[in-house]
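A look at the structure
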Amino acid sequence: MAFGPDGIYEDDVLGPTDLNTLRERWPVVWVNVDGVAHVDTVDRIGAVFGFHPLALEDVVNLGQRAKTEPYDEHLFIVARMPRAGRRYTTEQISMFLGKGVVVTFQERSGDVFDPVRERIRQGKGRMRKRQADYLAYALIDAVIDSYFPILEDLGERLERIEDDVMRSPDPKTVATLHRIKGDLLGMRRDIWPHREALGQLLREESSFVRDDTVLFLRDCYDHNSQLIDLVQVYREVCSDLMSVYLSSVSNRMNEVMKVLTIIATIFIPLGFIAGLYGMNFNPEKSGWNMPELNWSFGYPVALILMLAVAVALILFFKRKGWIGS
């Protein structure tokens, strides 16, 4: 995409040979490259714009942290752009900012720059009236802002998990919390270096970044700080939910053990009574040998005794507050 206050040019370019012509005609040229596996094409584009070989090496060596590196002819900026999907993943965005030109390299097609493209096409706002440094700011800002929907979705998932933990703890909840916590850890690892990269753009004077654009970069820096705070808050929420889950499971286990203990305690004296009268000592041999066996109501008396003992124990437990409210 090449543009200025009076118009715009947009086309798919399959080779780097015609890029210099665009630079001569338009105030700002944005070249976006999908894929970095073809090293020869990357080197040819770098040769057209005079990019430093070390920066081009970082373009093809994926997995770079977000950073800003100043060179004589350009600024080299690396950012981590999140990818859409159930699990959190990112890809490397390598950006070169020079005089009137911005070149971005992506790992694959598909990005978060469509709002920026629409602003250029429609000509609304200040986009076409500004220089290449403002375009670079808009692209960085789009990458930073793309984290907010992901965090919002994680926040909603944590709210649902909180309700589930309080209502009915489930072992699957622990696995979900571990996945979310892992995503937040990866997000923090990607977002934190952006802070230093943006801070370097704000602190160091550069001929490629105008003073009026620094004000917008400062706003982008604030957004990145908000992301860091949100990630930290959600990580703490995950830890708290894990503690609540473990406490809920422990409380449920304690309740089960208490009920089982009470039942066992009630049946201990009942078992003693049943065992005592089950010894069957012959009362004819001695008057001390279980005279109750000859009673007409011996069996009902034994049942009533057992019932009385059970009721007495239940009342005792209830008075102690071990059962009931």
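You'll find the structure just up there.
In this report, we go over the structure that sits alongside the text. (Residues numbered from 1 in each chain as written. Predicted model: local features only at pLDDT ≥ 70, side-chain atom pairs only at ≥ 80, totals over all residues. Heavy atoms only, no water.)

Turning our attention to the overall build of the protein. The secondary structure content of the protein amounts to nine helices and seven strands. Relative to the globule expectation of 20 Å for 325 residues, the C-alpha radius of gyration of the protein, 37 Å, shows a markedly less compact shape. The principal-axis extent of the C-alpha atoms belonging to the protein is close to 125 × 35 × 35 Å. The buried share among the 325 residues of the protein stands at 40%. Once local pairs closer than 6 in sequence are excluded, the contacts in the protein between residues at least 24 apart make up 64%. (Helix = DSSP H or I, 4+ residues; strand = E, 2+ residues; numbered from the N terminus. Rg over C-alpha atoms; globule rule 2.2 N^0.38 Å. Buried < 20%, exposed > 50% of the residue type's maximum accessible area, 1.4 Å probe, protein only. Contact = heavy atoms within 4.5 Å.)

Attention now goes to a nonpolar patch on the surface. Together, M253, V256, M257, V259, L260, I263 and F267 line one region of the surface with nonpolar side chains, adding up to about 670 Å² of accessible area. Secondary-structure assignment places L260 in helix α8 (residues 211-276). Note on L260: relative accessible area 49%, which makes it partly exposed. (Patch = residues over 30% accessible without salt bridge, like charges linked within 9 Å, V, L, I, M, F, W, Y side chains within 5 Å. Areas by Shrake-Rupley, 256 points an atom, 1.4 Å probe, with all protein chains shown as cover. Salt bridge = Lys/Arg side-chain N within 4 Å of Asp/Glu carboxyl O.)

Taken in spatial order, the seven strands of this open sheet run β2-β1-β3-β7-β6-β5-β4, and their pairing is mixed. In the strand order of this sheet, the two ends are held by β2 (7-9) and β4 (67-70), each with one partner. Put simply, the sheet's adjacent strands are angled 15 degrees from each other on average, direction ignored. Of the pairings in the sheet, the one linking strand β1 (residues 2-4) to strand β3 (residues 28-34) comprises two bridges and is antiparallel in character. Pairing of F3 across the sheet is with V28, part of β3. Relative to the sheet, helix α3 (residues 53-60) contacts β4, β5 (75-83), β6 (89-98) and β7 (101-106), its axis offset from that of β6 by approximately 160 degrees. (Pairing = 2+ DSSP bridges. Axes fitted to C-alpha atoms, helices over the stretch in contact; angles between N-to-C directions.)

The next thing to look at is α8. Over its 66 residues, α8 runs 97 Å from end to end, which matches the ideal 98 Å to within 8%, given 1.5 Å per residue. Of all the bends in α8, the greatest, near 25 degrees, is centred on I268, and the proline P269 appears no more than four residues after it. (Expected span 1.5 Å × (residues − 1). Bend = angle between axes of the 7 residues up to and from the residue.)

Right, let's talk about the nonpolar core for a bit. Counting 56 residues, the largest nonpolar core has W30, V102, V116 and L135 as the members making the most contacts within it. Contributing elements (two or more residues each) for this core: β3, β5, β6, α4 (114-122), α5 (132-145), α6 (147-167), α7 (171-203) and α8. Per element, the largest residue contribution to this core is twelve residues, and it comes from α8. Apart from residues lying up to four places away in sequence, V102 is in contact with V29, W30, V31, M95, F96, L97, A132, L135, A136 and L139. L19, W26, F49 and V78 belong to the second-largest nonpolar core, a separate cluster that totals 22 residues. (Core = buried A, V, L, I, M, F, W, Y, C linked by side-chain atoms within 4.5 Å.)

Bringing the packing of α5 against α8 into the picture now. α8 packs onto α5 with a crossing angle of 10 degrees between their chain directions and a minimal axis gap of 10 Å. Comparing their axes, α8 and α5 come out roughly parallel. Here α5 contributes D133, Y134, Y137, I140, D141, I144 and D145 to the contact with α8, which in turn contributes T213, F216, L217, D219, C220, H223, N224 and L227. (Parallel < 35°, antiparallel > 145°, perpendicular 65-115°, else oblique.)

A separate point is the pattern of salt bridges. All chains considered together, the criterion is met by 13 salt bridges. With its nearest N and O atoms 3.2 Å apart, the salt bridge here joins R87 to D183. With R87 in the loop between β5 and β6 and D183 in helix α7, this residue pair connects regions lying 96 residues apart in the sequence. The exposure class assigned to R87 is partly exposed, which follows from its relative accessible area of 45%.

Inspection of the entire model under this criterion finds nine aromatic pairs. Cluster of aromatic residues (ring-pair linked, three or more members): F49, F51, F76, F96 and F105. Geometry around W192 places R188 over its ring, the cationic atom sitting 5.2 Å from the centre. In this arrangement the basic side chain of R195 is found over the ring face of W192, its NZ or CZ atom lying 5.2 Å from the centre. (Phe/Tyr/Trp six-rings, centres within 6.5 Å; stacked < 30°, edge-to-face > 60°. Lys NZ or Arg CZ within 6 Å of the ring centre and 35° of its normal.)

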